[in-house]
Amino acid sequence: MATPNPDLPGGPPLGDAEFDAIAAIMQSDARIHLVIAKKTLVHGRLSRRLRMHGLETFRDYVRLVGQDPAERAAMVVALTTNHTHFFRENHHFEHFRNVAMPAIKTAARTRPVRIWSAGCSSGEEVYSIAMCLLGTDRASAGWLRGADVKLLATDLAPHVVESVKRGVYSDSVVAPIPDAYRRAWVRPAGNEFEIAPEAREMVTARVLNLFEAWPMRQRYDAIFCRNVMIYFDDRAKAELEHRLVEMLLPGGHLYIGHSERLVGPATAVMESCGQTIYVKPGGAA
Ligand SMILES: C[S@@+](CC[C@H](N)C(=O)[O-])C[C@H]1O[C@@H](n2cnc3c(N)ncnc32)[C@H](O)[C@@H]1O
């Protein structure tokens, strides 16, 4: 029913039929499962797009989305949640430093090392990983010289991928970076702060929908896919987790978000080795 809701911010009302049409697109294009409790959020975010197009009803907007692939893609992006911060869920970075990195350093002497931040948002996750790898000064980063260590950061939303490429953040965004890392790898840039080239050069940022074909050929030593799967239903989670596990090298680690869990075939392969941390068996002892 399209009754105006006094709790909703301005804009025309969002009827159930239009909400269902929008939810169906989110499910088919990004596998994002929109429950009815998200109606206020959908209304707020898409009202702006209605205004942009000079449309007066959600029915008109849904019609536009049906005819215009660019607007359909923009709608999907507008409905993603990109909240993130540096060193989020710090126990993952402690584990990465203490458990994953010693093996990574050994491996890097003889072969390429690859790490993937899947659903990277604006880059705080991937640059937190880069800072762990670099350590707290140039001497601690010495092992990387001559080594082939690369970080891939991917997200569905082009605007956040651009932020990763820029590597520039506000004062409040860089605040959670531990002091020693901040002193070493973050420098003032006008009113903002930029990530040092040593970290930026390790990172490649790309737009990638996790439910489309993945162009990467190589396997990964670690994959961070955190606070992404909460938006998917169990079927999509199982499918994605299976594919992520296939992309890991034996001994590789998978880090997932604090409220996420493994479901489906991945559970039979991966061994839990910490809070929301899994290892793929078969790595060097
Ligand atoms: C809440 S952020 C998590 C960022 C970071 N991983 C963290 O834990 O701080 C979730 C990100 O997943 C992305 N995302 C959602 N569905 C996606 C999909 N189907 N393919 C790729 N990225 C997706 C969103 O665009 C968003 O930037």
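Residues numbered from 1 in each chain as written. Predicted model: local features only at pLDDT ≥ 70, side-chain atom pairs only at ≥ 80, totals over all residues. Heavy atoms only, no water.

Peer 1: Please explain the pattern of salt bridges as it appears in this structure.
Peer 2: A side chain with one charge can pair with a side chain of the opposite charge if their charged atoms come near. As enumerated under the stated definition, the model contains 17 salt bridges in all. When the shortest N-O distance is used, the salt bridge between Arg72 and Asp29 registers 2.7 Å. Of this pair, Arg72 sits in helix H4 (residues 69–78) while Asp29 is found in helix H1 (residues 16–30), placing the two residues 43 residues apart along the sequence. On the accessibility criterion, Asp29 (24% relative accessible area) is partly exposed. Among the ionic pairs, Asp148 bridges to Lys150, the shortest N-O distance being 3.4 Å. The exposure class assigned to Asp148 is partly exposed, which follows from its relative accessible area of 27%. Put simply, Arg114, Asp148 and Lys150 are held in one network by salt bridges that share partners. (Salt bridge = Lys/Arg side-chain N within 4 Å of Asp/Glu carboxyl O. Helix = DSSP H or I, 4+ residues; strand = E, 2+ residues; numbered from the N terminus. Buried < 20%, exposed > 50% of the residue type's maximum accessible area, 1.4 Å probe, protein only.)

Peer 1: Help me out: how do you make sense of the site of the ligand in this one?
Peer 2: Close contacts around the ligand come from 22 residues, with Thr84, Arg88, Gly119, Asp155 and Asn227 the closest. Note that a nitrogen atom of the ligand is positioned 2.9 Å from one of the backbone N or O atoms of Leu210. A distance of 2.8 Å separates an oxygen atom of the ligand from a polar atom in the side chain of Asn227. Bound to the protein, the ligand loses 99% of the 610 Å² it would expose on its own. For the shell around the ligand, the residue count by class is nine nonpolar, nine polar and four charged. (Near = heavy atom within 4 Å. Polar contact = N/O pair within 3.5 Å; in protein donor to acceptor, adjacent residues only side chain to side chain. Areas by Shrake-Rupley, 256 points an atom, 1.4 Å probe, with all protein chains shown as cover. Nonpolar A, V, L, I, M, F, W, Y, C, P; charged D, E, K, R; others polar.)

Peer 1: I tried to follow the sheet that holds strand S5 (residues 192–195) on my own but got confused; where do I start?
Peer 2: Pairing between the strands of a sheet comes from backbone hydrogen bonds, and it takes one of two forms, parallel or antiparallel. The three strands lie next to each other as S3-S5-S4, forming an open sheet whose pairing is antiparallel. Edge strands, defined here as strands with exactly one partner in the open sheet, are strand S3 (168–169) and strand S4 (186–189). Across four bridges, S4 lies against S5 in antiparallel orientation. Within S5, the position partnered with Pro188 by the bridge is Phe193. (Pairing = 2+ DSSP bridges.)

Peer 1: Explain the packing of aromatic side chains here, please?
Peer 2: Two aromatic rings, taken as a pair, are described by how far apart their centres are and by the angle between their planes. Using the criterion set out here, one finds eleven aromatic pairs in the structure. Plain terms: the ring middles of Phe96 and Tyr255 are 6.5 Å apart, the flat faces sit at 75° to each other, and that makes the pair edge-to-face. Here Tyr255 lies in strand S8 (residues 248–256) and Phe96 lies in helix H5 (residues 90–107), a separation of 159 residues in the sequence. Of the two residues, Phe96 and Tyr255, both sit in the buried class. Members of the aromatic cluster, each reached through a chain of ring pairs, are Phe87, Phe93, Phe96, Tyr181, Phe224 and Tyr255. Directly above the ring of Trp214 sits Arg243, whose terminal nitrogen or CZ lies 3.9 Å from the centroid. (Phe/Tyr/Trp six-rings, centres within 6.5 Å; stacked < 30°, edge-to-face > 60°. Lys NZ or Arg CZ within 6 Å of the ring centre and 35° of its normal.)

Peer 1: I tried to follow helix H3 (residues 58–67) on my own but got confused; where do I start?
Peer 2: Every α-helix winds through 3.6 residues per turn, so residues three or four apart in the chain are directed the same way. Listed as buried for H3 are Phe58, Tyr61, Leu64 and Val65. Down the axis of H3, the sector holding all buried residues measures 110°, keeping them to one side. Exposed positions of H3 whose direction lies more than 90 degrees from the buried face are Arg59, Gly66 and Gln67. Buried-residue contacts for H3 involve H1, helix H2 (39–52) and H4. (Arc of directions from axis to C-beta. Contact = heavy atoms within 4.5 Å.)

Peer 1: Just to check I follow, could you spell out the pairing of strand S7 (residues 220–225) for this structure?
Peer 2: In terms of residue burial, S7 counts as a mostly covered element, since six of its six residues are buried. Examined bridge by bridge, strand S1 (residues 113–118) and S7 share three bridges and lie parallel to one another. Bridge assignment links Ile115 to a residue of S7, and that residue is Ala222. As defined by bridge partners, S7 adjoins S8 across five bridges and the pair is classed as parallel. The residue bridging Cys225 from the neighbouring strand is Ile256, located in S8. Regarding topology, helix H11 (residues 234–247) serves as the crossover connection from S7 to the parallel S8, and that connection is right-handed. (Right-handed = clockwise from strand over helix to strand, strands pointing away.)

Peer 1: Any chance you could explain the domain arrangement of the protein chain here in plain terms?
Peer 2: Where the parts come together, the accessible area they lose is often given as the size of the interface. Domains assigned within the protein chain are domain 1 (16–78) and domain 2 (90–279). If you average the C-alpha positions of domain 1 and of domain 2, the two centres end up 30 Å apart. Taken together, the contact pairs eight residues of domain 1 with twelve residues of domain 2. Taking both partners together, domain 1 and domain 2 bury about 790 Å²; carbon and sulfur atoms supply 58% of that area. Taken as a group, Arg31, His33 and Val77 account for 63% of the area that domain 1 buries against domain 2, more than any other trio of residues on that side. On inspection of domain 1 and its partner domain 2, the count reaches one salt bridge. Arg31 is the salt-bridge partner of Glu239, the closest N and O atoms lying 3.1 Å from each other. Our count for the domain 1 to domain 2 interface comes out at four residue pairs in polar contact (both at pLDDT 80 or more). Listing elements by their share of the side of domain 1 that touches domain 2, those giving two or more residues are H1 and H4. Considering every element that reaches the side of domain 1 that touches domain 2, the biggest residue donor is H1, with three residues. (Domains from an automatic or database assignment. Buried area = accessible area lost by both parts, 1.4 Å probe.)

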